[in-house]
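Geometric and topological summary
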Amino acid sequence: MKKTMAFVMALLLACGVMTAAMARTVEPEEPETERLAGKTVNATVGEYVDYLKAFRVTVYERDRFDEDDVERLAAGDILLADGQPHTVKEMSNTPYGDTMAVTEDGLEIVFEKDRDDDYTAHFTDDDRQCMHAIAVLLLKPAEGMVYEDNSERDLDAEMKVTDNLEEILKIKAEKEENSIGFDFYATTVTLNEKLEIVKIHQDFDVAQ
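Description of the structure in this document. (Residues numbered from 1 in each chain as written. Predicted model: local features only at pLDDT ≥ 70, side-chain atom pairs only at ≥ 80, totals over all residues. Heavy atoms only, no water.)

1. Notes on the sheet that holds strand β14 (residues 197–203)
Read across the sheet, seven strands follow the order β10-β3-β2-β13-β14-β11-β12 without closing on themselves; strand pairing throughout is mixed. Strand pairing shows two members of the sheet lacking a second neighbour, β10 (131–139) and β12 (160–162), which therefore form its edges. Recorded for the sheet is a direction-independent mean angle of 30 degrees between the axes of neighbouring strands. Where helix α3 (residues 165–178) meets the sheet, its contacts fall on β2 (40–49), β3 (54–62), β11 (141–150), β12 and β14, and the angle it forms with β11 comes to roughly 40 degrees. (Pairing = 2+ DSSP bridges. Helix = DSSP H or I, 4+ residues; strand = E, 2+ residues; numbered from the N terminus. Axes fitted to C-alpha atoms, helices over the stretch in contact; angles between N-to-C directions. Contact = heavy atoms within 4.5 Å.)

Okay, structure coming up:
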């Protein structure tokens, strides 16, 4: 009896080791952004470095996953999404037929095909897109830079536009103290060909 129990325990242990060895790690593909000049990108607008007359800007790219990687995702795999590794608990589908990974930390991550046949991902609890940082830059404001505040929960609220740097810095400080600041989930920056910030635009975010 003892020999039988020992054999069963050894077999279970071996199966566990095999399962761990078979687990895969799925990461987003390398970003396709070759140049930032003239583009609008998701970004966190951080401190304004006064002696450089520039903002410290962290630029983000949406996570994009290879189709084969998504289709082969299974329980036990590690999924790097939104800059964090998550262990997949199970795979399922949404009512709309999209592939969904349920993770051991209680998240539901949905994959949707984009026009390039890659997959982007978002969370079901707040519908946020999964993104990761690709660059930290010191960017100067262009002459006449504007800040567009479209962060009101009320969809009928009129967007507020500010074109004075001192006023923008005051708004930024107030939002950092009372809310999420100029966070990349809700903030985009538009750059000109000289990599100067032409516009900071902020939408509503569930965390504010």
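2. Here's the deal with the layout of surface pockets
Of the pockets and cavities examined, the largest pocket occupies roughly 670 Å³. Lining the largest pocket are 28 residues, with N42, R62, R64, Q129 and M131 positioned closest to its centre. At the level of elements, β2, β3, β10, β13 (187–191) and β14 are the ones that each hand at least two residues to the lining of the largest pocket. The residue inventory of the lining of the largest pocket, partitioned by class, reads eight nonpolar, seven polar and 13 charged. (1 Å grid on protein atoms, 1.4 Å probe; cavity = no way out; pocket = protein on both sides within 12 Å on 5 of 7 lines; lining within 4 Å. Points joined across faces, edges and corners; volume = space filled by probe spheres on them. Nonpolar A, V, L, I, M, F, W, Y, C, P; charged D, E, K, R; others polar.)

3. Notes on the environment of E67
Looking at the element boundaries, E67 is found in helix α2 (residues 67–71). Expressed as a C-alpha distance, the spacing of E67 and K113, which sit 46 residues apart in the sequence, is 8.3 Å. If we skip the residues at most four places from it in the chain, E67 touches K113, D117 and Y119.

4. So, the sheet that holds strand β7 (residues 99–103)
Taken in spatial order, the seven strands of this open sheet run β1-β5-β6-β7-β8-β9-β4, and their pairing is mixed. The open sheet has two edge strands with one neighbour each: β1 (25–26) and β4 (64–65). Of the pairings in the sheet, the one linking β7 to strand β8 (residues 108–113) comprises four bridges and is antiparallel in character. By the bridge assignment for β8, M100 is matched with V110.

5. A look at the nonpolar core
By size, the foremost hydrophobic cluster in this structure holds 17 residues, and its most contacted members are F55, V57, V189, I197 and I200. Those elements that provide at least two residues to this core are β2, β3, β11, β13 and β14. Tallying contributions element by element places β2 first for this core, with four residues. (Core = buried A, V, L, I, M, F, W, Y, C linked by side-chain atoms within 4.5 Å. Buried < 20%, exposed > 50% of the residue type's maximum accessible area, 1.4 Å probe, protein only.)

6. Some thoughts on the pairing of strand β6 (residues 84–93)
Taken together, the four bridges between strand β5 (residues 78–81) and β6 define a ladder with antiparallel strand orientation. Residue pairing in the sheet places A81 in a bridge with Q84 of β6. Connecting β5 to the next strand, β6, in antiparallel fashion are two residues, including D82 with a positive phi near 60 degrees. Bridge count for β6 against β7 is five bridges, and the pairing is antiparallel.

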